[in-house]
Amino acid sequence: MTDRLVYWAYALGWAVLKHLPEPVVRWLFDRLADYAWRRRGPRVRQLEANLRRVRPGLHEAALRRLSRAGMRSYLRYWMESFRLPVWSRARVARDVQVAGVEHLKEALESGRGALVALPHMGNWDLAGTWIAQQGHPFTTVAERLKPERLFERFVAFREGQGMEVLALTGGGVNVIGTLARRLREGKLVCLVGDRDLSEAGIEVSFFGEPTRMPAGPAALCQRTGAALLPVTLWYDGPVLRGIIHPEVPVPEEGDRKARTRAMTQAMADVWERGIAEHPQDWHMLQKFWPADLPPRETVEDGPAVVRAASAAEPAGTSGA
């Protein structure tokens, strides 16, 4: 699909779907999810390869049922995102239920700042809208998309929900410096960061197999003194549920790189438990483990915080 067609497909979604009756849109997106699932294209096959790590004991029929639920969850994310601009504050408050908010409030009220880090679970845009409506506006990072008009629409959409969005590249802004400044000001930063198959990623064990995750969240919190708070999200019927987990502490021993590795592994352990409980809501349709990559290949299109990760390290460690 050309960049022009991609843009107009998203534009049509934002312009039209929010005006249709919600039951109609839900039915439509479930049918689209089922169609993609039946075709079993590369992204569905990769989703199933990832889910085999999460639920290794499943026989093939059960795995296929799980991947179907996963595709419906993934398309639900898009359906909700297209309709979110017309959701009322009361609707968001009703349909998002988050536990552990006291961890976030404690960090912000202490003036330390907080960095909320989450995997690609549930609907992170809806969760971000809920956080902003609770009186906690935040800063996040977006990777620049093509075409440029599509990137601008995504930024406008997220800014309309109360988020400050920094472009990872091409924005003339020092992204890491700005994130660090927001945290030192006692503010909130939210980053989606469960995938970094580049050489800059920190190696962790995830579902018993080595992979890489961004160093950025742990490195930024060490640099600024902010609290690192892992989050997990999942769907429970019509409700998006979430947990803001307790702070990942900075280890007392080891150099900065060792502390970053330990904190990143601790964060991965929290996410692993959440994904194991709700695997259908982990929207990972891309290669996630290096074992799935050809030799010497690395991935350069991970989430926005990926390549910002090692840049948060001071010179002399694992600089970008």
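Caption draft 1: Structural detail: the pattern of salt bridges. In total, this model carries 20 salt bridges according to the counting rule given. Where Glu48 meets Arg40, a salt bridge forms, and the shortest distance between an N and an O atom there is 2.8 Å. In this structure Arg40 comes out as partly exposed when scored by relative accessible area, which is 29%. Glu185 is paired through a salt bridge with Lys187; the nearest N and O atoms lie 3.3 Å apart.

Caption draft 2: Region of interest: helix H3 (residues 42-54). Under the 1.5 Å per step criterion, the end-to-end length of H3 is 19 Å for 13 residues, consistent within 8% with the ideal 18 Å. All of the buried residues along H3 are Val44, Gln46, Leu47, Glu48, Ala49, Asn50, Leu51, Arg53 and Val54.

Caption draft 3: Inspection of a nonpolar patch on the surface at higher detail. A contiguous nonpolar surface patch, about 240 Å² in accessible area, is contributed by Leu12, Val16 and Leu20. The class for Val16 is partly exposed, based on a relative accessible area of 36%.

Caption draft 4: Up close: the confidence of the model for the protein chain. Per-residue pLDDT for the protein chain averages 87, and the proportion of residues at 70 or more is 85%. Segment residues 301-320 is flagged for pLDDT under 50; beyond a separation of four residues in sequence, or across chains, it makes 54 contacts in the model.

Caption draft 5: Focus on the environment of Gly177. Positionally, Gly177 belongs in helix H9 (residues 175-184). Taking relative accessible area as the criterion, Gly177 reaches 17% and is therefore assigned buried. Expressed as a C-alpha distance, the spacing of Gly177 and Leu220, which sit 43 residues apart in the sequence, is 9.6 Å.

Caption draft 6: How the structure looks around the side chain of Asp34. With respect to the element layout, Asp34 can be found in helix H2 (residues 22-39). Among the polar contacts listed, one links the side chain of Asp34 to the side chain of Arg72, at a separation of 2.7 Å. The residues contacting Asp34, other than those within four sequence positions of it, are Arg68 and Arg72.

The rules behind the values
Residues numbered from 1 in each chain as written. Predicted model: local features only at pLDDT ≥ 70, side-chain atom pairs only at ≥ 80, totals over all residues. Heavy atoms only, no water. Salt bridge = Lys/Arg side-chain N within 4 Å of Asp/Glu carboxyl O. Buried < 20%, exposed > 50% of the residue type's maximum accessible area, 1.4 Å probe, protein only. Helix = DSSP H or I, 4+ residues; strand = E, 2+ residues; numbered from the N terminus. Expected span 1.5 Å × (residues − 1). Patch = residues over 30% accessible without salt bridge, like charges linked within 9 Å, V, L, I, M, F, W, Y side chains within 5 Å. Areas by Shrake-Rupley, 256 points an atom, 1.4 Å probe, with all protein chains shown as cover. pLDDT = per-residue confidence, 0-100. Contact = heavy atoms within 4.5 Å. Polar contact = N/O pair within 3.5 Å; in protein donor to acceptor, adjacent residues only side chain to side chain.

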